[in-house]
Amino acid sequence: MGVEAHATNERVTGRRWTVRLDPVGRGRADVRVSCSRPACAAQVLPSAAAGRTAAIAHLKAHLRAGPAPRPSVHCACRAEECHTHIRPAGPRERPVPWRCGGAVVLAVITDREGRWWQVLECCSRCAAAHPTAKVVATAPAAETPARADGFRADAPAPATPGGPAATTPSFSAISPHFSHSATAAATGTAVPQQASGPRSSSAPRSARPTRKRPPRGRIAQRLVPHDLRPVALRDELTELGELFRAYQARTEPDLAVLADLHARKAEAFNAWAEVTADTGLRLDARRAEQAAATARLQHLHRIDQAPDGEGPAVVRLLTAPAQWNHARAVLAHVAENAPLPGAEARLLVLMVTLRTAQSGVGNLVGQDIKGLPLQDPEHLVGQLVESGWLGISGTVEELIASRPESPTRISVPSLTPDEDDPGPFTFGRKLRPKLSGWAQRVVGEKKLRKGKTGADVRLLALALATGADGEGRLGPGGEGVGLDGLSSWCSVSPADLPDLVDRLTAADWLAEAGVTGTLLTGRLTERVLPLGCPLT
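Numbers given for residues are sequential positions, taken from 1 along each chain in its written order. Totals for whole chains, interfaces and linings use all residues, but because this is a predicted model, local features are given only for residues with pLDDT of at least 70 and pairs of side-chain atoms are given and counted only at 80 or more. Where side-chain values are given, they derive from all heavy atoms of the structure, hydrogens and water being excluded.

To continue, consider the overall build of the chain. Counting from the N terminus, the helices are the DSSP runs of H or I reaching at least four residues and the strands are the DSSP runs of E reaching at least two. Each helix and strand in the chain was counted, giving 17 helices and 14 strands. Intrachain contacts of the chain at a sequence separation of at least 6 include 62% that bridge at least 24 residues. In this description, accessible areas are obtained by the Shrake-Rupley approach with a 1.4 Å probe, and a residue is regarded as covered only by the protein chains that are shown. Accessible surface for the chain amounts to roughly 29900 Å². Of this, 52% is attributable to carbon and sulfur atoms. Residue contacts are defined here by distance: any two heavy atoms, one from each residue, within 4.5 Å place the two residues in contact.

Here's what the structure looks like:
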């Protein structure tokens, strides 16, 4: 009898096997389906779709042919000291050493990309800890080991003559079933739940329901703790996360709504930082305040209102501070990296840079070059090609003669990104044509063209358009722009700057202009304010 009791108490580790889908080789479309069970040979399928279908069919065949989960096995997950199980709900619930909790189930776990499927014979708590687990079958309740006197430990005493008959529970095996569809409901017997009413003292611990925590919110890649207090703050953060996700799903932006969301986020993150003393939350709150101010300013510009609500604002060609800063970054890059001296070369390099800034390649037609104030455009383009800074598909003559229906492909190797160097600019693909169009509008402004101004005057117009504040006053706070920087950018000597300033004043670009020993003061006229990129 002792030998039989020992054999009954022996437990084996739960079953575990994996079906995988792997590529056969780099650059090939065929895939290999393999199974970790020793009797299964690998298969090679012509495509990933065919391989996935074969892998799922193979797994289903194993589930149909294999036995149901056994109630007395070691949890396969627990056997490998997995730390993702749901822990016991309280100090009274002492887990059985060979099982983490709940009934033994047969669960299928898969990755989100559909590259492997793993079958586990484990407890229901381990299965619940895996987000992709599907329970395909549940074992019947385990019978209690027999006592030395031959009766089960939890069985009632033998029926006495004339007394009530002892009842014996009956169990039915459940056939496993599995579907690879993400929306398909997992079949099989559910984990036993606690019945309503007081639990009898003889009820097994595995019948207790697992404690479920309330769902956790997410905002700005942060999880909102379910135990965060006050509750109103937790609910506000959760609601804000949902509102931001809903805004991202909109087809049309609404900057007023976005500004309000950022303002609420800043206030909520400040309160969260006060509760947790987290410096990172304070920094996020500060960034949210800046985002709210920027979105609100953009909204006012779009509806033609001043930020203070005291009149119409300037409708600018470039509408956001980030766009203004990117325009200044392009001018600074050209000033430092122009391959040839002279104002005409710098103006041409600037326009070509704006055409190729994102990927190092672009299209150019003859009118783009002939529209610039260049005395000998063919010679200048040839110099850029000879220096290696510019590459063109064809000859210089073909570029000058090209028309919009057949543009010439150009490339600038120094602007072409690679794995080690992403390039000098950080703006996106959609902003590049906006910056190029802005520069074309400034350089080709009507009165500058009619006045037949040279490349140096138009370079000065670009510099002043990016060097004035929101009201058009030159320099930070209207204190003026340094002459040394202007002369370096325009490729002229400081002594030639007063003549350029006079020509801009005659073209109604500048008003109240004054040249001192080191500064140019004045303001942009109302007419050209829409072309400006205000200093922030």
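Read on, since the account is not over.
By definition here, a helix of n residues has an expected span of 1.5 Å times n minus one. The terminal C-alpha atoms of helix α6 (residues 255-276), which comprises 22 residues, lie 31 Å apart, in line with the 32 Å expected from a rise of 1.5 Å per residue. Three labels apply to residues, based on accessible area from a 1.4 Å probe with only protein chains included: buried if under 20% of the type maximum, exposed if over 50%, partly exposed otherwise in between. Among the residues of α6, Leu255, Leu258, Ala259, Leu261, His262, Lys265, Ala266, Ala268, Phe269, Trp272 and Ala273 are the ones counted as buried. Polar contact criterion, stated in full: a pair of N or O atoms within 3.5 Å, where within protein one must be able to donate a hydrogen and the other to accept it, and residues adjacent in sequence count only if both atoms are side-chain atoms. Where α6 begins, the side chain of Asp254 points an oxygen toward the backbone nitrogen of Ala256, at a separation of 3.3 Å. One or two positions beyond α6, positive phi appears at Ala277, with a value near 55°.

We now examine the environment of Arg296. Examined against the element boundaries, Arg296 turns out to sit in helix α7 (residues 279-302). Considering only alpha carbons, one finds Arg296 and Ala259, 37 residues apart in sequence, at a separation of 5.4 Å.

A word on a negative patch on the surface. Patch construction takes residues with relative accessible area above 30% that form no salt bridge. Like charges are linked within 9 Å, and nonpolar side chains (Val, Leu, Ile, Met, Phe, Trp, Tyr) are linked within 5 Å. Counted as salt bridges are all cases of a side-chain nitrogen of Lys or Arg within 4 Å of a carboxyl oxygen of Asp or Glu. By the counting rule applied here, Lys and Arg register as positive and Asp and Glu as negative, while His and the ends of each chain are not counted. In plain terms, the charge of a residue is placed at NZ if it is Lys, CZ if Arg, CG if Asp and CD if Glu. On the surface, a cluster of negative charge is contributed by Asp376, Glu378, Glu397 and Glu398. Positionally, Glu398 belongs in helix α12 (residues 396-401). A relative accessible area of 47% means that Glu398 is categorised as partly exposed.

Summed over all chains, the structure comprises 20 salt bridges. Where Glu274 meets Arg282, a salt bridge forms, and the shortest distance between an N and an O atom there is 3.9 Å. Residue classification places Arg282 among the partly exposed positions, given a relative accessible area of 33%. Arg403 is paired through a salt bridge with Glu405; the nearest N and O atoms lie 3.1 Å apart. Of the two residues, Arg403 and Glu405, both sit in the exposed class.

Moving on to the packing of aromatic side chains. The description of an aromatic ring pair uses the distance of the two centres, along with the angle that the planes make with each other. Stacked, tilted and edge-to-face are the three classes assigned to paired rings of Phe, Tyr and Trp, where Trp is represented by its six-membered ring and a pair needs centres within 6.5 Å; plane angles under 30 degrees give stacked, over 60 edge-to-face, the rest tilted. In this structure the tally under the stated criterion is two aromatic pairs. Taking the centre distance of 5.6 Å and the plane angle of 80° together, the rings of Phe269 and Trp272 count as edge-to-face. A residue pair is termed a helical-turn pair when its members lie 3 or 4 positions apart in one helix, as Phe269 and Trp272 do in helix α6 at three residues. The buried category is assigned to Phe269, whose relative accessible area is 0%. In this structure Trp272 comes out as buried when scored by relative accessible area, which is 4%. Consider the rings of Phe425 and Phe427, whose centres lie 5.5 Å apart with planes at 25°: the pair is stacked. For the pair Phe425 and Phe427, one class covers both residues: buried. Working rule: Lys NZ or Arg CZ, within 6 Å of ring centre, within 35 degrees of ring normal, means a charge sits over the ring. Above the plane of the ring of Phe244 lies Lys265, whose end atom (NZ or CZ) is 5.8 Å from the centre.

Strand pairing is defined by DSSP finding a minimum of two bridges between the two strands. One open sheet holds the three strands; their spatial order is β9-β11-β10, and the pairing between them is antiparallel. Sheet topology places β9 (361-364) and β10 (391-392) at the edges, where each strand pairs with a single neighbour. In this structure, β9 lies alongside strand β11 (residues 408-411), joined through four bridges in antiparallel fashion. Looking at the pairing, Val361 lines up with Ser411 of β11. Note on definitions: angles span 0 to 180 degrees between N-to-C directions of axes, and those axes are lines fitted to C-alpha atoms, for helices only across the stretch in contact. Along the sheet, helix α9 (residues 343-356) contacts β9 and β11; its crossing angle with β9, the most-contacted strand, is approximately 120°.

For the pair helix α13 (residues 431-443) and helix α15 (residues 455-465), the least separation of the axes is 9 Å and the interaxial angle reads 125°. Taken as axis vectors, α13 and α15 run oblique relative to one another. Every pair of crossing elements has a handedness; the one defined by α13 and α15 is right-handed. Of the residues in α15, those in contact with Trp438, Ala439, Val442 and Val443 of α13 are Arg458, Ala461, Leu462 and Ala465. Ten residue types, Ala, Val, Leu, Ile, Met, Phe, Trp, Tyr, Cys and Pro, are classed as nonpolar, four, Asp, Glu, Lys and Arg, as charged, and the remainder, Gly among them, as polar. Taken together, the residues of the contact of α13 with α15 sort by class into seven nonpolar, no polar and one charged. Small angles under 35 degrees read as roughly parallel and large ones over 145 as roughly antiparallel, with 65 to 115 read as roughly perpendicular and the rest as oblique. Helix crossings fall into two classes, left-handed where the near helix is turned counterclockwise from the far one by less than a right angle and right-handed where it is turned clockwise.

Now for unusual backbone geometry. A cis amide bond links Arg229 with the next residue in sequence, Pro230, at an omega value of 5°. Relative to the assigned elements, Pro230 resides in the loop between β8 (222-223) and α5 (231-248). Unusually for a residue other than glycine, Asp508 sits at a positive phi of about 60°. One can find Asp508 in the loop between α17 (497-506) and β13 (510-515).

Before going further, it helps to spend a moment on the confidence of the model for the chain. What pLDDT expresses is the predictor's confidence in each residue, scored from 0 to 100. For the chain, mean pLDDT is 79; residues scoring 70 or higher make up 77% of the total. When pLDDT is averaged over each element of the chain, α15 comes out on top at 94 and helix α1 (residues 2-9) at the bottom at 42. Across residues 1-9, confidence stays below pLDDT 50; counting only partners more than four residues off in sequence or on other chains, it has two contacts. The low-confidence segment residues 144-204, where pLDDT is below 50, has 64 contacts with residues more than four positions distant or belonging to other chains.

Once that is clear, we can look at the side chain of Thr408. Along the chain, Thr408 falls in strand β11. When neighbours within four sequence positions are excluded, Thr408 is seen to be in contact with Gly362, Asn363, Leu364, Ser393, Glu398, Leu399 and Ser402.

Every second residue of strand β2 (residues 31-35) is oriented toward a common face, the buried set being Val31, Val33 and Cys35 and the non-buried set Arg32 and Ser34. Here strand β1 (residues 16-23) runs beside β2; their pairing, made up of five bridges, is antiparallel. Paired with Asp22 across the bridge in β2 is Arg32.

Right, let's talk about the sheet that holds β1 for a bit. One open sheet holds the six strands; their spatial order is β3-β2-β1-β5-β4-β6, and the pairing between them is antiparallel. Edge positions in the open sheet fall to β3 (43-45) and β6 (134-138), since each of these has one partner strand only. Within the sheet, the average angular offset between the axes of one strand and its neighbour, ignoring direction, is 20°. Of the pairings in the sheet, the one linking strand β4 (residues 104-110) to strand β5 (residues 116-123) comprises seven bridges and is antiparallel in character. When the sheet's bridge partners are listed, Ile109 is paired in β5 with Gln118. Across the sheet, helix α2 (residues 48-65) is in contact with β1, β2, β3, β4, β5 and β6; its angle to β1 comes to roughly 170°.

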